[in-house]
Amino acid sequence: METIQTDVAIIGAGGAGLRAAIALAEADPQLRIALISKVYPMRSHTCAAEGGAAGVIKPDDSLDHHFNDTVGGGDWLCDQDAVEYLVREAPKELIQLEHWGCPWSREPNGAVAVRPFGGMKKQRTWFAADKSGFHILHTLFQTSLRFPSIQRFDEYYATDLIVDDGRCQGCTAIEMRSGQMRQFQARAVIVAGGGAGRMFPFTTNGAIKTGDGMALAYRAGVPLKDMEFVQYHPTGLPNTGTLLTEACRGEGGILLNKNGRRFLQDYGMGPETPVGKPQLKTMELGPRDRVSQAFWHEQKKGNMLPTKWGDCMLLDMRHLGEKTINERLPLVRDMATSYLGVDPVTDPVPVRPVVHYMMGGIDTDIRAATPLAGLFAAGECACVSINGANRLGSNSLTEILVFGRRAGLSAAEYVRSGARPGNDAALAAKATAAQARIRSLFEKTGGKESIAGLRKEMMTTMEENAGIYRSRDGLSEACKKLGELRHRYAEVELTDKTNVYNTDLLQALELGSMLDCAEAVTASALARTESRGAHQRLDFVERDDTKFLRHSLAHFHSSDPPRIDYRDVVITKSQPGVRDYSGDHE
Amino acid sequence: MFELEVLRYNPENDSEPHFQRYSVSCEEEWVVLDALNRVKETIDPTLSYRWSCHMAVCGSCGMMINGEPKLACKSFLRDYGGVIRVEPLVHFPIERDLVTVIDDFMAKLARVKPYLIPKQEKPVSEGEYRQTPAELKKFKQYTLCINCMLCYAACPEYGLIPKFIGPAAIALAHRYNQDSRDGGRDARQEEIAATEGVWECSFTGACSEVCPEHVDPAGALQQVKIKSTVDWYKEHLMPWVKK
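Thresholds, definitions, all that
Residues numbered from 1 in each chain as written. Chains lettered and ligands numbered in written order. Predicted model: local features only at pLDDT ≥ 70, side-chain atom pairs only at ≥ 80, totals over all residues. Helix = DSSP H or I, 4+ residues; strand = E, 2+ residues; numbered from the N terminus. Buried ≥ 20, exposed ≤ 12 C-beta atoms within 10 Å, placed from the backbone. Contact = placed C-beta atoms within 7 Å. Rg over C-alpha atoms; globule rule 2.2 N^0.38 Å. Pairing = 2+ DSSP bridges. Domains from an automatic or database assignment. Nonpolar A, V, L, I, M, F, W, Y, C, P; charged D, E, K, R; others polar. Core = buried A, V, L, I, M, F, W, Y, C linked by C-beta atoms within 7 Å. Expected span 1.5 Å × (residues − 1). pLDDT = per-residue confidence, 0-100. Axes fitted to C-alpha atoms, helices over the stretch in contact; angles between N-to-C directions. Parallel < 35°, antiparallel > 145°, perpendicular 65-115°, else oblique. Left-handed = near helix turned anticlockwise from the far one by under 90°.

## A few points about the overall build of chain B
Tallying secondary structure elements over chain B gives nine helices and seven strands in all. When the backbone C-alpha atoms are referred to their principal axes, chain B occupies close to 70 × 40 × 30 Å. Among the 243 residues that make up chain B, the fraction classed as buried is 49%. Put simply, 63% of the contacts in chain B that link residues at least 6 apart link residues at least 24 apart.

## Section: the overall build of chain A
The helix and strand inventory of chain A stands at 15 helices and 24 strands. By the compact-globule yardstick of 25 Å for 586 residues, chain A fits well, its C-alpha radius of gyration being 23 Å. Viewed in the frame of its principal axes, chain A has a C-alpha envelope of about 70 × 55 × 50 Å. The buried share of chain A, reckoned over its 586 residues, is 63%. Relative to all contacts within chain A whose residues are 6 or more apart in sequence, the contacts with residues 24 or more apart total 76%.

## Concerning the pairing of strand β10 (residues 180-185) of chain A
Residues and elements named next belong to chain A. For β10, the tally of buried residues reaches five of six residues, placing the bulk of the element in the interior. Pairing between strand β1 (residues 2-5) and β10: four bridges, direction parallel. Bridging across to β10, Ile4 finds its partner in Phe184. The sheet contact formed by strand β9 (residues 167-175) and β10 spans six bridges and is antiparallel.

## Observations regarding the domain arrangement of chain A
Residues and elements named next belong to chain A. Taken as a whole, chain A is organised into domain 1 (235-353) and domain 2 (436-562). The gap between the C-alpha centroids of domain 1 and domain 2 is 31 Å. Each partner contributes residues to the interface: domain 1 has five residues there, and domain 2 has five residues. If one sorts the elements of the side of domain 1 that touches domain 2 by residue count, helix α7 (residues 288-300) sits on top with four residues. A per-class count over the side of domain 1 that touches domain 2 returns two nonpolar, two polar and one charged.

## Digging into the nonpolar core
All names here are of chain A. Counting residues in hydrophobic clusters, the biggest one holds 261 residues, and the most contacted among them are Ile10, Ile190, Ala377 and Ala378. Among the elements that line this core, the one with the most residues is helix α14 (residues 503-527), at 14 residues. Other than its neighbours up to four places away in sequence, Ala377 contacts Ile190, Val191, Ala192, Ala217, Ile362, Thr364, Ala368, Thr370, Ala382 and Ala407.

## Things to note about helix α12 (residues 451-465) of chain A
Here α12 of chain A contains 15 residues, and its C-alpha end-to-end distance of 21 Å stays within 8% of the 21 Å for a straight helix at 1.5 Å per residue. Against β21 (469-470), α13 (472-489) and α14 of chain A lie the buried residues of α12 of chain A.

## Focus on the interface of chain A and chain B
Each side of the interface is counted separately: chain A has 44 residues, and chain B has 42 residues. Breaking the side of chain A that touches chain B down by element, the ones donating at least two residues are α3 (80-99), α4 (132-144), α9 (330-340), α12 and α14 of chain A. With five residues, the single largest contributor to the side of chain A that touches chain B is α3 of chain A. For the side of chain A that touches chain B, a count of residues per class yields 19 nonpolar, 17 polar and eight charged.

## Comments concerning the environment of Leu485 of chain A
Within the secondary structure, Leu485 of chain A is located in helix α13. In the structure, Leu485 of chain A is positioned 27 residues away from Met458 of chain A in sequence and 7.4 Å away in space, judged by C-alpha atoms.

## Notes on helix α2 (residues 63-73) of chain A
Residue and element names in this part refer to chain A. Looking at α2, one finds that the buried residues are His66, Phe67, Asp69, Thr70, Val71, Gly72 and Gly73. On the buried face of α2, the contacting elements are β4 (53-54), α3 and α10 (395-416). With its phi angle positive at about 55 degrees, Asp75 sits one or two positions after the end of α2.

## Observations regarding the domain arrangement of chain B
All names here are of chain B. What the domain assignment reports for chain B is domain 1 (2-100) and domain 2 (103-236). Inter-centroid distance (C-alpha atoms) of domain 1 to domain 2 is 30 Å. Taken together, the contact pairs 13 residues of domain 1 with 12 residues of domain 2. Those elements giving two or more residues to the side of domain 1 that touches domain 2 turn out to be β3 (62-65) and β4 (68-71). Take the side of domain 1 that touches domain 2: its biggest share by element is three residues, from β4. Residue composition of the side of domain 1 that touches domain 2, grouped by class: eight nonpolar, three polar and two charged.

## Things to note about the confidence of the model for chain B
The predicted model of chain B averages 94 in pLDDT, with 98% of residues at 70 or higher. This complex was scored by the predictor with a pTM of 0.97 and an ipTM of 0.96.

## Points about the sheet that holds strand β24 (residues 563-568) of chain A
Residue and element names in this part refer to chain A. Strand order in the open sheet formed by five strands is β20-β18-β12-β23-β24, and the pairing between neighbours is mixed. Two strands in the sheet have a free side with no partner beyond their single neighbour: β20 (382-383) and β24. Pairing between strand β12 (residues 224-225) and strand β23 (residues 550-555): two bridges, direction antiparallel. Considered in β23, the bridge of Leu224 is made with Ala554. On the sheet, α14 packs against β12, β23 and β24 and is oriented at approximately 135 degrees with respect to β23.

## Observations concerning the packing of α3 of chain A against α10 of chain A
All names here are of chain A. Taken N-terminus to C-terminus, the directions of α3 and α10 make an angle of 95 degrees; their axes are 9 Å apart at the nearest point. Judged by the inter-axis angle, α3 sits roughly perpendicular to α10. Taking contact as the criterion, the partners of Leu86, Glu89, Ala90, Glu93 and Leu97 in α3 are, on α10, Thr398, Glu399, Leu401, Val402 and Arg405. Here the residues of the contact of α3 with α10 are counted per class, giving five nonpolar, one polar and four charged.

## With respect to the packing of α2 of chain A against α3 of chain A
All names here are of chain A. Their axes nearest at 9 Å, the elements α2 and α3 cross at an angle of 135 degrees. What the angle tells us is that α2 and α3 run oblique. The element α2 and its partner α3 pack so that their crossing is right-handed. Here α2 contributes Leu63, His66, Phe67, Thr70 and Val71 to the contact with α3, which in turn contributes Gln80, Val83, Glu84, Val87 and Arg88. Class assignment of the residues belonging to the contact of α2 with α3 gives a composition of five nonpolar, three polar and two charged.

Given below as structure tokens:
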């Protein structure tokens, strides 16, 4: 097997991976950086983020405001030292991106413009129309081309981390073009593999978001933290799940039930505010968990509009007018018009909550380090945790920058601290074992299970039992089912046994990642007998700070369900309080 | 039922590409990509193609649909009658089925120095560069390229002269040249004003016609040509005038 020697291997070339690569290249041009991704960098799902990135920049705002919004928005499950770091670094990172050419939208005087976003008390979301993630990704990718030390391995699928002597020393990856396995021998590894929304059938997430990065670390013994917290974005197109950004409401769009009532006022987010004059942190600018939960209750009451794709609420943007919609929300107009045949300029758009983001992920600390020496993680695949039980919109684009950079700097420090040279023979043996595991997929005959069949069963299980509201019965059922699916996964036989760009193999491996992540989600959700943020239990409706002001940690087991244990939340200055999104709070 | 005729090629088994016919049941509002996914899930797991976002922003799923370069996620079945023919983007080597080799494009993108080369360096602590909405508008359109390469498949020159640096890469260079914060035009000019740069373009405008993001690379190419011509005159006929 060909071995590639490098100093730092980065798995994933979206926003976090690219930011880490640039930080490493700037920190030490002598470091060899291998940027490994299963897709070309500009295909990474960062490109689909629409609304923007939060960072304090305007004079009426403060770091404390951003901190308080984030910690309260996360229902006090955030680690507050990490949030302090995030809000402090955010403006610098967003300015840095501006210096690299990001086409942020501007005010008439040439300063960067900001827009209101859900759960944020001040306007602090930097945006580039409604393609903010796209522009961030392309700015980072194009900037990365300046650095000769960043060597890209595009369309390489990482299969295993190589752990020896108690530390991570590289990975194995399949070059899609040839089907050949490569060993990357690295002094440090950064995982930046993105989320896992594809565990669910109805999601804003692209096809590539299958939890591969999370599963890599999880199988290598690193716990997955707070996996039960899955964010539903309130406004997805009902047929395709395509995201209509929260900026629709930031710009003044309103949500109606089938009777034309702005129903959020009936769920602690009122009183009603004037149409077209959005007020921060209330009504349509409430946080995503609360808005999605209000939808669920209205649906139970029969107040939603039945459509062929399920019950919907209406997102009404007509009063914004064609000019504002074209300037501020061009993608939204294009998506709604072409995929649903509804033009937001002339009609309210039917939407429903859709799986969007994993608050949980690989256990990392404020330095983006995992408990496994030599392994770092950043972005959606990691849980540092700044999002707690519910992420505020526009904090995650900031997170990939702040903690992507941090992961790069920490890895550089770690490499400089002079880890002992690896045992080449031991590492090669581990790589060979990883290769053998993949080869066995090709050699298997008489398998009874299909990839598409198992995937569908997994998705149905997750949608029915791990959605906006959950219960012991449903979650127990899901845990049992996922255990069964993991066993049946061993019976998958590939239809395609050739080498070049084998997407049958790719989908089999992705399914394996998703099954492991899904089991961590349901097991953590079953064990958390309280309701907090995006994790709502019908049988335990209150938040329980005595027992659960703690992070869940799911530990992998190859054949049994994960073991769950807990770690206290880091509190620096904000004691748990009441999340108040009524317009009366000041 | 919809009929798809899909180009298949597996270098390990096939001496040359061939077509395979699939009949697949689809919803009326589906796109071609949905139909391909249905084929892969229910009929033929060996069919290979790239896709991810399903919202025309990741640029993965460019392919020839009934002979035209299109994004499969933005090509609606309702707009086609009869058999829909799906092939990999032309002008690129086929890696496998609908997957093309895009090394050439990736190398060209890097060659035009597609990053900000600031007029004057400024530390982050001094805040953002000022840029008015009017200044932003001068280049904003060219930032919207998703690198889907439909313009390369549409470009007759790229088909004839593979060395031609091509529409998207030149539009991207132009994007930075037009940015009020940038001072790197001279550094980029070497690549894009070379013979295989803008001068190969015969201005058929096909690139702009197929662009799913309305980037108008043809417009960028024309502007670069004009500016390069002015440069030439300044350099050769009026050396006393500074560029």
